[in-house]
Amino acid sequence: ITNFTAKAINKKVQLTWTVTGNEQIGHFEVQRSTNGTSYETVSSTAATAKPGQENYVTIDDAPLFNRSVLYRLKIFDKDGSYYFSDIRMVRINYAALSITIKENPVHDRLMLEINSSENNKAGLSFYNVKGEKLLQQELTVTEGRINKVIDLPAMPAGTYSLLITAKDGFKQ
């Protein structure tokens, strides 16, 4: 490896590297760690068949926020042996909570996709078109991306608004 970089771009991590002797390499694993001891593989890239020097790029599109993350490459030669690249550190400071309704219209179950950079609590309030609050519920949000299903009480067909508030002042 003659060049290995990891940098934050638009809340993702772009990893680029250049190798010489590309014809000897089978594949690469991109690994990350928050403690420098335990690494998880986040992606795998097959080496091209091109001999000589080759450039590679991959994106970690589900990075860890608000902490230092260490990235390295595990390089597998075609004979099965492997070795590691140098380590690069990336930190993306991002405090965010995004909640998406997965199916609309909603009937008896509200399906949400929640992406949070930290553990949080969110309040869900349902309003009718007159602005009357019909239901309020607290939701515990864990760090990362999760799907959550909320069973709703029987309500007449109609148009409703959902207000989501979090402890950090977030409103959606």
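In this report, the structure presented in the accompanying data block is examined. Per-chain numbering applies: the sequence of each chain, read as written, is numbered from 1 onward. For a predicted model such as this one, the threshold for reporting local features is a pLDDT of at least 70, and the threshold for listing and counting side-chain atom pairs is 80 or more; totals across whole chains, interfaces and linings nevertheless cover every residue. Calculated side-chain values reflect all of the structure's heavy atoms, with hydrogen atoms and water omitted.

**So, the side chain of Arg32**
Thinking step 1. The topology assignment puts Arg32 in strand β3 (residues 25-33).
Thinking step 2. Each residue is assigned to one of three classes by its accessible area relative to the maximum for its type, calculated with a 1.4 Å probe on protein chains only: buried under 20%, partly exposed between the two thresholds, exposed over 50%. You can call Arg32 buried: its relative accessible area is 10%.
Thinking step 3. Of the polar contacts made by the side chain of Arg32, one reaches the side chain of Glu40; its length is 2.8 Å.
Thinking step 4. N or O atoms within 3.5 Å of each other form a polar contact, as long as, within protein, one can give a hydrogen and the other can take it, and as long as residues adjacent in sequence are counted only when both atoms are side-chain atoms. For Arg32, the side chain forms a polar contact with the side chain of Asp60, separated by 2.7 Å.
Thinking step 5. Excluding residues within four positions of it along the chain, Arg32 makes contact with Ser38, Tyr39, Glu40, Val42, Asp60, Ala62, Pro63, Leu64, Val69, Leu70 and Tyr71. Helix numbering and strand numbering both begin at the N terminus, where a helix is a DSSP run of H or I of at least 4 residues and a strand a DSSP run of E of at least 2. For this analysis, residues touch if any pair of their heavy atoms sits within 4.5 Å.

**Some remarks on the sheet that holds strand β12 (residues 133-141)**
By definition, the strands of a sheet pair up through backbone hydrogen bonds, in either a parallel or an antiparallel sense.
Thinking step 1. Two strands qualify as a pair provided DSSP detects at least 2 bridges between them. Taken in spatial order, the three strands of this open sheet run β12-β11-β14, and their pairing is antiparallel. Two strands in the sheet have a free side with no partner beyond their single neighbour: β12 and β14 (161-166). Put simply, the sheet's adjacent strands are angled 20° from each other on average, direction ignored.
Thinking step 2. Pairing of strand β11 (residues 120-127) with β14, which is carried by six bridges, proceeds in the antiparallel orientation. Paired with Leu124 across the bridge in β14 is Ile164. Axis definition: a line fitted to C-alpha atoms, over the contacting stretch in the case of helices. Angles run 0 to 180 degrees between N-to-C directions.

**Some points on unusual backbone geometry**
Leave glycine aside and you will find that most residues have negative phi; peptide bonds, for their part, are mostly trans.
Thinking step 1. With an omega of 15°, the peptide bond running from Asn104 to Pro105 counts as cis.
Thinking step 2. Topologically, Pro105 is positioned in the loop between β9 (97-101) and β10 (109-116).
Thinking step 3. A positive phi angle is found at Lys11, which is not glycine, with a value near 65°.
Thinking step 4. Here Lys11 is to be found in the loop between β1 (3-9) and β2 (12-19).
Thinking step 5. Taking relative accessible area as the criterion, Lys11 reaches 43% and is therefore assigned partly exposed.

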